[in-house]
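If you want the building blocks of each chain, they are given just below.
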Amino acid sequence: MNRPVGVMVFILILMCGFSWSQGVRSLGMAGLVLPGPEAAYLNPAYAAYPAGRYGSDPGFRLPIGLLGLLLRPESSPLPALSGLSNLTNENSPFDLLTFYDQLTHLNEFLINPASSRAFINPNTGYPEIQINVAANGIQVTDYQGKPIPLDLGLGSQASISSTKALTPAPLFRVPLALENNLYLDFGLYAGGFGLGLSPNANLRQALQSNQLQPNTEYALITNASAQAGLSLGFGYATQLPDLPIPEVGPTKVYVGARGEAFYGLAYLEGSFSVGLQSDAQGRIDPNQPPVYRGTAFYTIPGNGNGFGARADLGVVMEAQGTTVGLGIRNALGFARWSGTELQWNGSSASPTSTPSERSSFGFVPAFYLNAATQVPLETGTLLVGGDLGYEDSLFGRIGGEYSLGPARFRAGLGFDNGFRFGLGAGFVGPGFSLDTALTTHRAPIVGHTVFGIALSLGFNF
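Residues numbered from 1 in each chain as written. Predicted model: local features only at pLDDT ≥ 70, side-chain atom pairs only at ≥ 80, totals over all residues. Heavy atoms only, no water.

This part covers the overall build of the protein. The helix and strand tally for the protein stands at 6 helices and 22 strands. Expressed as a percentage of the 461 residues in the protein, the buried residues total 45%. Taking all contacts inside the protein whose residues are at least 6 apart in sequence as the whole, residues at least 24 apart take part in 64%. Carbon and sulfur atoms form 64% of the exposed surface of the protein, whose accessible area is close to 22500 Å². (Helix = DSSP H or I, 4+ residues; strand = E, 2+ residues; numbered from the N terminus. Buried < 20%, exposed > 50% of the residue type's maximum accessible area, 1.4 Å probe, protein only. Contact = heavy atoms within 4.5 Å. Areas by Shrake-Rupley, 256 points an atom, 1.4 Å probe, with all protein chains shown as cover.)

Right, here's the structure in full:
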């Protein structure tokens, strides 16, 4: 496979990876993951836990985001079919940030997607970010003179330097049950995508004090990461004899262990900065050439690969109608990637290129704790659950589902790379199920809360 084709495959896989990770039932509870076999990736002991104890999410998510992508002028690429200039001319409503936000959420119709219009001067129709460099100071503002925070980002960065052998959640898993409580699973993963922009320490200080120091480099730093590959898991999960606990009673105990090996298809990890140097009087010559620094390591099909393995452990306990589970992924892991490293160090924007490797071995665990219980009411049943985890950052959610005959009503709150809020409803009919959810996520770059609508349809035969 040649390099341009490899890059395109990598990008397409990553785009798909954003949209297919959670079911609509879960989204209606702010992304809460309930106890059950569906959570075996986060806790291998759930592979032995009875299915359906807290319901399931069998529906197929409908790609209604295509409606927003194609029908909304700000995100529709269709005018490009008759010429790319139809998207780039000054009269085009097309917004690349809106297009990206909707494209990476194809299973949700976004109500208020991210937009670069926040930076557009209505008097000129063009985005304006003003960088004012005085004799001894610097300011970055919008067209109205309001300061712009330079800590911008999208996605959640995950690379071998931070998560070691922990691969992103699979886009899909194909489980295969074996005898004696053993199982195999195959998967395709793509994720760990993150892109961030931030000032270096010198520039941050200058923006706060509005003063420049002599002989100092002021720079903007961009960090990026992404990876994709194939995974093969081999696990064991079983139920142990009931454990008598005083004042609690008989407690069901499930334990599990899982090993996962992966073959990496594509990988990116980089940090790149562009800066200017002040002179001995603390002044910046705007005509001086920029200073480029940083490294980028990448692997694409036909130019390197990756491989590795890790061990996951888990335990689940159930007593008096309440279930609690603790999973530890990457209890021990190894990963190695081969590819190309680019380096910048000086006034030339052209990097040096050399073959290189990235590898890690050690204990960098990701913890996941969740719990749920069902409360019978005089009319209907209430399910309440919560989860708390740490991977590269802390996240948590609480949510519930009220069942009344064939109807389901859901709500949830959480924090996962920003505030999350969920509302949902469902209907379980003879042979089918229909679910919908109001979803939220943090807008890339501009940072506001984006609301969306998701739908799923399931059939029971």
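Resuming the write-up.
The phi angle at E247 is positive, at roughly 70°, despite the residue not being glycine. One non-glycine residue, N330, adopts positive backbone phi at about 60°. Checked against the element boundaries, N330 lands in strand β14 (residues 322-346). Taking relative accessible area as the criterion, N330 reaches 0% and is therefore assigned buried.

We now examine the packing of aromatic side chains. A ring pair, where both rings are aromatic, is described by two values, the distance of the centres and the angle of the planes. Applying the stated criterion across every chain yields a total of 12 aromatic pairs. When the ring of F94 is compared with that of F99, the centres are 5.6 Å apart and the planes differ by 50°; the resulting orientation is tilted. As far as burial versus exposure is concerned, F94 and F99 are alike and both buried. Clustering of aromatic rings is evident, with ring pairs tying together Y189, F262, Y267, F297 and W337. (Phe/Tyr/Trp six-rings, centres within 6.5 Å; stacked < 30°, edge-to-face > 60°.)

Right, let's talk about the confidence of the model for the protein for a bit. With 86% of its residues at a pLDDT of at least 70, the protein reaches an overall mean of 84. A low-confidence stretch, residues 1-20 (pLDDT under 50), is modelled with 42 contacts involving residues beyond four sequence positions or located in other chains. (pLDDT = per-residue confidence, 0-100.)

Turning our attention to the side chain of S433. With respect to the secondary-structure elements, S433 resides in strand β21 (residues 432-442). Not counting residues within four places of it along the chain, the set of residues in contact with S433 comprises P58, F427, V428, S456, L457 and G458.

This model, assessed by the stated rule, comprises 18 salt bridges. A salt bridge links R53 to E318; the shortest N-O distance between them is 2.4 Å. Of this pair, R53 sits in the loop between α2 (24-27) and β1 (60-61) while E318 sits in strand β13 (residues 306-319); the two residues are 265 residues apart in sequence, bridging distant segments of the chain. The class for E318 is buried, based on a relative accessible area of 9%. D435 is the salt-bridge partner of R410, the closest N and O atoms lying 2.8 Å from each other. Within this pair, whereas R410 is found in strand β19 (residues 407-415), its partner D435 is found in strand β21, the two being separated by 25 residues in sequence. Residue classification places R410 among the buried residues on the basis of a relative accessible area of 6%. Here the salt bridges do not stand alone but share partners, grouping R173, D185, R258, E260, R310 and D312 into one network. (Salt bridge = Lys/Arg side-chain N within 4 Å of Asp/Glu carboxyl O.)

Where nonpolar side chains cluster on the molecular surface, the patch consists of L66, L67, L70, L71, L78, L81, F109, I111, F451 and I453 and spans about 930 Å² of accessible area. Within the residue set of the nonpolar patch, elements represented by two or more residues are α3 (65-71) and β22 (449-459). With 4 residues, the single largest contributor to the nonpolar patch is α3. One can find L67 in helix α3. (Patch = residues over 30% accessible without salt bridge, like charges linked within 9 Å, V, L, I, M, F, W, Y side chains within 5 Å.)

Scanning the entire structure with this criterion turns up 2 cavities of 30 Å³ or more. Its volume calculated, the second largest cavity comes out at about 30 Å³. Around the second largest cavity sit L42, R329, A366, F367, Y368, Y390, E391 and F395, which together line it. Ranked by the residues each element gives to the lining of the second largest cavity, the list is headed by strand β16 (residues 366-376), at 3 residues. When grouped by side-chain class, the residues that make up the lining of the second largest cavity number 6 nonpolar, no polar and 2 charged. (1 Å grid on protein atoms, 1.4 Å probe; cavity = no way out; pocket = protein on both sides within 12 Å on 5 of 7 lines; lining within 4 Å. Points joined across faces, edges and corners; volume = space filled by probe spheres on them. Nonpolar A, V, L, I, M, F, W, Y, C, P; charged D, E, K, R; others polar.)

Quick look at the environment of T439 now. Checked against the element boundaries, T439 lands in strand β21. Taking the C-alpha atoms as reference points, T439 and L27, 412 residues apart in sequence, are found 6.2 Å from one another. The residues touching T439, leaving out its near neighbours within four places in the chain, are L27, E108, F421, V450, F451, G452, I453 and A454.

The next subject is helix α5 (residues 96-103). By the criterion of burial, α5 is predominantly enclosed, with 7 of the 8 residues buried. Taken together, the buried positions of α5 are occupied by L97, T98, F99, Y100, D101, Q102 and L103. Put simply, D95 is the residue that caps the front of α5, since its side-chain oxygen is 2.9 Å from the backbone nitrogen of L97. (Polar contact = N/O pair within 3.5 Å; in protein donor to acceptor, adjacent residues only side chain to side chain.)

Let us now look at the pairing of strand β18 (residues 394-404). Each regular strand carries side chains that alternate between the two faces of the sheet. Both strand β17 (residues 381-390) and β18 contribute to a ladder of 10 bridges, which runs antiparallel. Bridge pairing in β18 places Y390 opposite L394. The pairing of β18 with β19 spans 9 bridges and is classified as antiparallel. Bridging across to β19, G399 finds its partner in G412. (Pairing = 2+ DSSP bridges.)

Another point: the nonpolar core. Residues L34, Y46, Y49, Y54 and V316 are the most contacted members of the largest nonpolar core, which totals 18 residues. Beyond its immediate chain neighbours, meaning those up to four positions away, L34 contacts R25, M29, A39, Y54, N370, A372, L383 and G385. (Core = buried A, V, L, I, M, F, W, Y, C linked by side-chain atoms within 4.5 Å.)

The antiparallel pairing of β18 with β19 creates a hairpin that spans 2 residues between the two strands, and G405 there sits at a positive phi of about 60°. Of the strand pairs in this sheet, β19 and strand β20 (residues 419-429) are connected by 9 bridges, and their pairing is antiparallel. Within the sheet, the bridge partner assigned to R408 lies in β20 and is G426. Here β19 hands over to β20 after 3 residues, with N417 in that stretch at a positive phi of 55°.

Structurally, the position occupied by S403 is in strand β18. Since its relative accessible area comes to 18%, S403 is described here as buried. Reaching out from S403, the side chain makes a polar contact with the side chain of R408 at a distance of 3.5 Å. Excluding its chain neighbours within four sequence positions, the residues that come into contact with S403 are G380, T381 and R408.

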